[in-house]
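# Chains, contacts and geometry: an overview
Residues per chain are reported as follows:
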Amino acid sequence: MTYATYVYAVRRTGGPEIHSPGHDGGGPVRLLPLGSLTAVVQDVPAAEFTGEALRQRFTDRLDLERCARTHHRVVSAAAAGAATVPLPLATLYANDVRTKVVLEEHAELLSEALHRVAGHVEWAVKVHRDTAVPLLEPETETGTPVPDEPATGREYPAGAGDRRGNSDGRQESALDAVDLVDRVVRTVAVASVRRPLHGVELTGRDRPQVMNGAYLVPRDDERLLTAALDTLRQDPRLSGFAVETSGPWVPYSFVSVALAEGAGRDGARA
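Let me sum up the structure you'll find in this document.

Criteria and thresholds
- Residues numbered from 1 in each chain as written.
- Predicted model: local features only at pLDDT ≥ 70, side-chain atom pairs only at ≥ 80, totals over all residues.
- Heavy atoms only, no water.
- Buried < 20%, exposed > 50% of the residue type's maximum accessible area, 1.4 Å probe, protein only.
- Helix = DSSP H or I, 4+ residues; strand = E, 2+ residues; numbered from the N terminus.
- Arc of directions from axis to C-beta.
- Salt bridge = Lys/Arg side-chain N within 4 Å of Asp/Glu carboxyl O.
- Expected span 1.5 Å × (residues − 1).
- Core = buried A, V, L, I, M, F, W, Y, C linked by side-chain atoms within 4.5 Å.
- Contact = heavy atoms within 4.5 Å.
- Polar contact = N/O pair within 3.5 Å; in protein donor to acceptor, adjacent residues only side chain to side chain.
- Phe/Tyr/Trp six-rings, centres within 6.5 Å; stacked < 30°, edge-to-face > 60°.
- Lys NZ or Arg CZ within 6 Å of the ring centre and 35° of its normal.

In an α-helix, one turn spans 3.6 residues, which is why side chains three or four residues apart end up on the same side. Among the residues of helix H4 (residues 107–117), those classed as buried are Leu110, Ser111, Ala113, Leu114 and Val117. Seen from one end, H4 has its buried residues packed into an arc of 160 degrees, which puts them on one side. The exposed residues of H4 that point more than 90 degrees off its buried face are Glu108 and His115. Residue Gly119 follows H4 closely and has a positive phi angle near 75 degrees.

Right, here's the structure in full:
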């Protein structure tokens, strides 16, 4: 049987061995030295990981989920012992020699990514609109509700009317909620990225998503983040919105530049 080298992640040389099961049918997860770096790899059956084989396998949702969980499990085990740059799902090279050639060519980019995420974790922060809860109405100076005025005082576009419709008002409230959550979380985070919003088929029609963000947070500041989020959830300006978080995760979202310019997928080709 012909095997290819599956690469899960890259980390600094000198970390502990990894005791985590990899993909079924492959060899044990092992460490491949790359000078000052180390790749976390596994020998896998090449025929099961060609481009065509993967396209067919990943049309099966359960197979895709199984592969993704295996990939994440190994990456998490690697990150538990040292700063780690996770590579994308199904990053493969024909053999160890090809793996070393490609990754060593991009050692500088990978080292920069490792430096950026060392001592940090990723937290996901999502904001949903709860349509069952009425939005707070902004008030005039006399305390009289003004249902259609924007809450932040943003200027109207040229030619707009004095008031917005209900749809525009909801959009303005959502923008305000996102701005508030983002400002507060960024007082703790050192970097952030926005991901595509999840559709109502995932969130539910009564919980449209208005923010889907990832934040890079110093590991030592996680308590500060938790406290900031607890305060946000009590803020009356977020009435009608739910703030959800998950983490800490390996910082997948903050190494994509290095990976896009560097390591990639070789399939099972030499």
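Below, the discussion takes up the pattern of salt bridges. Side-chain pairs of opposite charge can arise where the charged atoms are in close proximity. If you walk through the whole model with that rule in mind, you get 13 salt bridges. Of the charged contacts, one joins Glu65 and Arg61 as a salt bridge, the two residues approaching to 3.7 Å between their closest N and O atoms. In this pair, Glu65 and Arg61 both sit in helix H2 (residues 61–79), 4 residues apart, roughly one turn of the helix. On the basis of relative accessibility, which here comes to 34%, the residue Glu65 falls in the partly exposed class. A salt bridge links Asp230 to Arg233, with the shortest nitrogen-to-oxygen separation between them at 3.4 Å. Here Arg233 and Asp230 lie together in helix H7 (residues 222–233), a separation of 3 residues that amounts to about one turn. What makes Arg233 partly exposed here is its relative accessible area of 37%.

In this section: H7. In this model H7 runs 17 Å from its N-terminal to its C-terminal C-alpha over 12 residues, within 8% of the 16 Å that 1.5 Å per residue would give. Restricting attention to buried positions, one finds in H7 the residues Glu222, Leu225, Ala228, Leu229 and Leu232. For H7, the angular spread of buried residues about the axis comes to 120 degrees, placing them on one side. Away from the buried face of H7 by more than 90 degrees, exposed residues Arg223, Leu224 and Thr231 are located.

Along the chain, Ser20 falls in the loop between strand S1 (3–12) and strand S2 (30–34). For Ser20, a relative accessible area of 12% translates into the label buried.

In terms of nonpolar packing, the biggest core is built from 21 residues, with Val181, Met211, Tyr215, Val217, Leu225, Leu238 and Val243 touching the most fellow members. Counting residues per element, this core draws most heavily on helix H5 (residues 166–185), which supplies 6 residues. When neighbours within four sequence positions are excluded, Met211 is seen to be in contact with Val125, Lys126, Val127, Val178, Val181, Arg194 and Leu197. Ranked by size, the runner-up nonpolar core spans 20 residues in total, among them Leu110, Leu114, Val117 and Phe254.

Before going further, it helps to spend a moment on the side chain of Asp63. Of note, Asp63 is situated in helix H2. Within the structure, Asp63 has its side chain in polar contact with the side chain of Arg57 (distance 3.3 Å).

Here we come to the packing of aromatic side chains. Here the structure, examined in full by the defined rule, presents 2 aromatic pairs. Summarising the aromatic geometry, the rings of Tyr6 and Tyr8 are spaced 4.6 Å apart at their centres and angled 50 degrees between planes, so their arrangement reads as tilted. Overall, the relative accessible area of 0% leaves Tyr6 in the buried class. An angle of 75 degrees between the planes, with centres 5.8 Å apart, marks the rings of Tyr6 and Phe49 as edge-to-face. Taken together, the residues span a long stretch of sequence, with Tyr6 in strand S1 and Phe49 in the loop between strand S3 (37–45) and helix H1 (51–57) at a distance of 43 residues. Take Phe49: its relative accessible area is 3%, and that puts it in the buried class. Through successive ring pairs, a cluster of aromatic residues spans Tyr6, Tyr8 and Phe49. The ring of Phe49 has Arg57 lying over it, and the distance from NZ or CZ to the ring centre is 4.9 Å. Taking NZ or CZ as reference, Arg129 lies 5.8 Å from the ring centre of Phe241, over its face.

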